[in-house]
Amino acid sequence: MSHSNGRRNALKNIALTTSGISLGLTALSCKDSPNSSEATIAAPEDDSLKGNVNHSACYWCYGSMPLEEFAKSAADLGLKGIDLLKPAEWEIAEKYGLKCAVATDTFANIQDGFNDKANHVSLQEQYSVLIDKASAQGIKNVIVFSGNRRELSEDEGLVNCAEGLAPLVKQAEEKNVVLIMELLNSKIDHKDYQCDHTPWGVKLCELIGSENFKLLYDIYHMQIMEGDVIRTIEDYHSYIAHYHTGGVPGRHEINDGQELNYPAIIKAILETGYTGYVAQEFIPTYEDKIAALKEGVKICDV
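Presented here is an overview of the structure given in this document. Per chain, the residues get numbers from 1 upward, laid out in the order the sequence is written. The predicted nature of this model means local features are confined to residues of pLDDT at least 70 and side-chain atom pairs, given and counted, to a pLDDT of 80 or more, with totals for whole chains, interfaces and linings taken over all residues. Derived side-chain values reflect all non-hydrogen atoms in the structure, with water molecules and hydrogen atoms excluded from consideration.

Let us now look at the pairing of strand S6 (residues 213–218). Counted residue by residue, S6 has 6 buried out of 6 residues, so it is predominantly covered. As defined by bridge partners, strand S5 (residues 178–182) adjoins S6 across 4 bridges and the pair is classed as parallel. Note on S6: the bridge partner recorded for Ile180 is Lys214. Traced from S5 through helix H6 (residues 198–208) to S6, the parallel crossover comes out right-handed. One requirement defines pairing of two strands: DSSP has to find at least two bridges between them. Secondary structure elements follow DSSP: runs of H or I no shorter than four residues count as helices, runs of E no shorter than two count as strands, and numbering proceeds from the N terminus. Pairing of S6 with strand S7 (residues 240–244) involves 4 bridges; the strand directions are parallel. Looking at S7, one finds that Leu216 is bridged to His242. Relative accessibility under 20% of the residue-type maximum defines a buried residue, over 50% an exposed one, and the middle range a partly exposed one, all with a 1.4 Å probe and only protein chains included. Crossover handedness is defined by viewing with both strands directed away from the observer: a clockwise path from the first strand over the helix to the second marks the crossover as right-handed.

Another point: the pairing of S5. Taking burial as the measure, the 5 residues of S5 include 5 buried ones, the bulk of the element. What you see with S5 is no split at all: Val178, Ile180 and Glu182 on one side and Leu179 and Met181 on the other are buried throughout. Where strand S4 (residues 141–144) lies against S5, 4 bridges are found, and the strand directions are parallel. For Val144, the partnering residue across the bridge sits in S5 and is Met181. Traced from S4 through helix H5 (residues 154–175) to S5, the parallel crossover comes out right-handed.

Encoded structure:
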């Protein structure tokens, strides 16, 4: 073979190879032709939610944003509720098709709760009004707190809480409202808070003995205090009426920058037959706080 013929063949082979690569890439992207029934054109990202989880979010985490703006954004993301709204705020949420998932008011105090008998009369008077308002608005959950220990024993705290809550639980039964006591960590965020372990909260539920008193299981707080989140949910789900999220450590986004496996946790919650709300309660670090909320909702949308 002459030098010139060899060169022509080499160039021909390169051209064929390049053409083959080009054809191969075309085939990968659209099979035989753009009109082929086997064409695989990349679909736009699907932002729709699966419908298995009733998503909510705690407004206080987005407090720098007007509630009306937040409610509109939450509704656009597909949320069903907003947590920890006061009575004057309920109608703003409902304007956008959202329910107040957990009601509160200005008097609800983490430190000064039902474990202190000195608080009973004032708390009973104020919660009685809130229960009536929530019932009239069709709101199911009203949040309550144990209060700080202040040297009370675990048993004293249980008895005092049960005694202080008794008339309110009776009212809640009549009004189709559930009083939910939040489990909070006393290690990092709420020093000395008494309802800081699930078994203590369960004992209080058993002492009160009503379906209208249950627990708000905050996943962030209980990961800090006791871990073993999924087993705890499986064991005690019948005592739990509501869930909150948050990344550990730091209480920020619930993405892979923190230690909890939220898709697995939410699946475990759903497997218990739970049909209530799951509320995002992390403090966003992203500049776009709604983008952070959207990410958290999608992570939990199993």
